[in-house]
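The lines below spell out each chain.
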Amino acid sequence: MEYPMNPSEDVILHQPTAPARQLVLLLHGVGSSPHNMAPLGQALARPDRWVVAVRSPFPSDMGAGWQWFSVQGIDEARRVDRVAEVMPRFVQTVQAWQVRTGLDASATALAGFSQGAIMALASTQQAPRLAACVVAMAGRFAQPPQVAPAGTAVHFIHGEQDPVIAPGFSVAAAQRLESLGAHVSIDLLPGLGHGIDSRAAARVMAVLDAEPNQPTVPD
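What this report covers is the structure whose coordinates are included nearby. (Residues numbered from 1 in each chain as written. Predicted model: local features only at pLDDT ≥ 70, side-chain atom pairs only at ≥ 80, totals over all residues. Heavy atoms only, no water.)

**Some words on the overall build of the chain**
When helices and strands are counted, the chain shows 5 helices and 9 strands. In sequence order, the secondary structure elements of the chain are arranged as β-β-α-β-β-β-α-β-α-β-β-α-β-α. Against the globule reference of 17 Å for 219 residues, the chain gives a C-alpha radius of gyration of 16 Å, in line with a compact fold. In terms of principal-axis extent, the alpha carbons of the chain reach across some 45 × 35 × 35 Å. The buried share of the chain, reckoned over its 219 residues, is 52%. The contacts of the chain with a sequence gap of at least 6 include a subset with a gap of at least 24, amounting to 69%. For the chain, the exposed area adds up to about 9,500 Å²; of that, 55% sits on carbon and sulfur atoms. The averaged location of the 18 negative side-chain charges in the chain is 1 Å from the averaged location of its 14 positive side-chain charges. (Helix = DSSP H or I, 4+ residues; strand = E, 2+ residues; numbered from the N terminus. Rg over C-alpha atoms; globule rule 2.2 N^0.38 Å. Buried < 20%, exposed > 50% of the residue type's maximum accessible area, 1.4 Å probe, protein only. Contact = heavy atoms within 4.5 Å. Areas by Shrake-Rupley, 256 points an atom, 1.4 Å probe, with all protein chains shown as cover. Lys, Arg positive; Asp, Glu negative; His and termini not counted. Charge placed at Lys NZ, Arg CZ, Asp CG, Glu CD.)

**Structural notes on the packing of helix 2 (residues 76-101) against helix 3 (residues 115-123)**
Following both chains from N to C, one finds helix 2 and helix 3 inclined at 80°, their axes separated by 10 Å at the closest point. Taken together, the axes of helix 2 and helix 3 are roughly perpendicular relative to one another. Contacts between helix 2 and helix 3 involve Val83, Val86, Met87 and Phe90 from the first element and Ile118, Met119, Ala120, Ala122 and Ser123 from the second. Residues of the contact of helix 2 with helix 3, tallied by class, amount to 8 nonpolar, 1 polar and no charged. (Axes fitted to C-alpha atoms, helices over the stretch in contact; angles between N-to-C directions. Parallel < 35°, antiparallel > 145°, perpendicular 65-115°, else oblique. Nonpolar A, V, L, I, M, F, W, Y, C, P; charged D, E, K, R; others polar.)

**Section: the pattern of salt bridges**
For the structure on display, the rule yields 10 salt bridges. Here Asp48 and Arg21 are joined by a salt bridge, their closest N and O atoms 3.5 Å apart. Of this pair, Asp48 sits in the loop between helix 1 (38-43) and strand 3 (49-54) while Arg21 is found in the loop between strand 1 (11-14) and strand 2 (22-27), placing the two residues 27 residues apart along the sequence. On the basis of relative accessible area, Arg21 is assigned to the partly exposed category, the value being 46%. (Salt bridge = Lys/Arg side-chain N within 4 Å of Asp/Glu carboxyl O.)

**Concerning the environment of Pro59**
Following the sequence through the fold, Pro59 ends up in strand 4 (residues 58-59). For the pair Pro59 and Ser70, spaced 11 residues apart in sequence, the C-alpha separation works out to 9.3 Å. Excluding its chain neighbours within four sequence positions, the residues that come into contact with Pro59 are Gly65, Trp66 and Gln67.

**Observations concerning the side chain of Arg79**
Along the chain, the position of Arg79 falls in helix 2. A residue is classified by how much of its surface remains accessible, and Arg79, at 12% relative accessible area, is buried. When near neighbours in sequence (up to four residues on either side) are disregarded, Arg79 contacts Phe69, Ile74, Arg140 and Ala142.

**Remarks on unusual backbone geometry**
Residue Pro128 is reached from Ala127 by a cis peptide bond, and omega for that bond is 0°. The backbone phi angle of Ala138 is positive, close to 55°, even though this residue is not glycine. Positionally, Ala138 belongs in the loop between strand 7 (133-137) and strand 8 (153-159). A residue is classified by how much of its surface remains accessible, and Ala138, at 2% relative accessible area, is buried.

**Quick notes on helix 4 (residues 167-180)**
An ideal rise of 1.5 Å per residue puts 20 Å on 14 residues; helix 4 measures up with 20 Å between its terminal C-alpha atoms. In this structure, the buried residues of helix 4 make contact with strand 8 and strand 9 (184-189). Directly beyond the C-terminal end of helix 4, a positive phi value near 95° is found at Gly181. (Expected span 1.5 Å × (residues − 1).)

**Concerning the pairing of strand 8**
Within strand 8, 7 of the 7 residues are buried, which leaves the element mostly enclosed by the surrounding structure. One ladder, built from 6 bridges, connects strand 8 with strand 9; its direction is parallel. By the bridge assignment, Phe156 is partnered in strand 9 with Ile186. (Pairing = 2+ DSSP bridges.)

**Comments concerning the side chain of Asp162**
Here Asp162 shows up in the loop between strand 8 and helix 4. Salt bridges are absent for the buried Asp162, whose nearest opposite-charge side chain, Arg140, sits at 11 Å. At a separation of 3.1 Å, a polar atom in the side chain of Asp162 contacts the side chain of His158. Those residues in contact with Asp162 that lie beyond four places of it in its chain are Ala138, Pro167, Leu192, Gly193 and His194. (Polar contact = N/O pair within 3.5 Å; in protein donor to acceptor, adjacent residues only side chain to side chain.)

Okay, here's the thing in structure tokens:
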């Protein structure tokens, strides 16, 4: 199924001033907007890096902002179904920015918060590979991962006091991915609830700055 694309709905937070080596797509949470990712995106600016905050495609049914899928009446089974239903559009969105920037999956990082992290993590369980790195902040898999994503490193960042998505989801997912042979790491941040603080931002920066030096698997 083809979806209409309007890249102007996304927000370019930083455009390279040198030959581009990395595309970072920031994915906001449900009921939010790309502008909420601006402080993180500005901190990630680097001369050879695109930083784009992607707008979720649908108006949120929470009354404000945008969403990839509705959380009304959500349960474990509905979450899986809703993520699967919108995944083709997510893939198309990522690939459209890769075409626009001339950077492929090996030079792409997806950094998602909450629902944005759910979508980014789910994308690692299918082909083709979308990114060399996924950073999941305060997120979770819709269902436990079944395969180690080839050529994609997964990094979890989660507040220990998150009341919305329990940090145990990140812990369990990291353990599961490690058992499958994936390249995975996790940071649990004491005192942090469901959000991104200066410590989380610093970890995202460290992960993405190191990523071009990580080994990758050809597409």
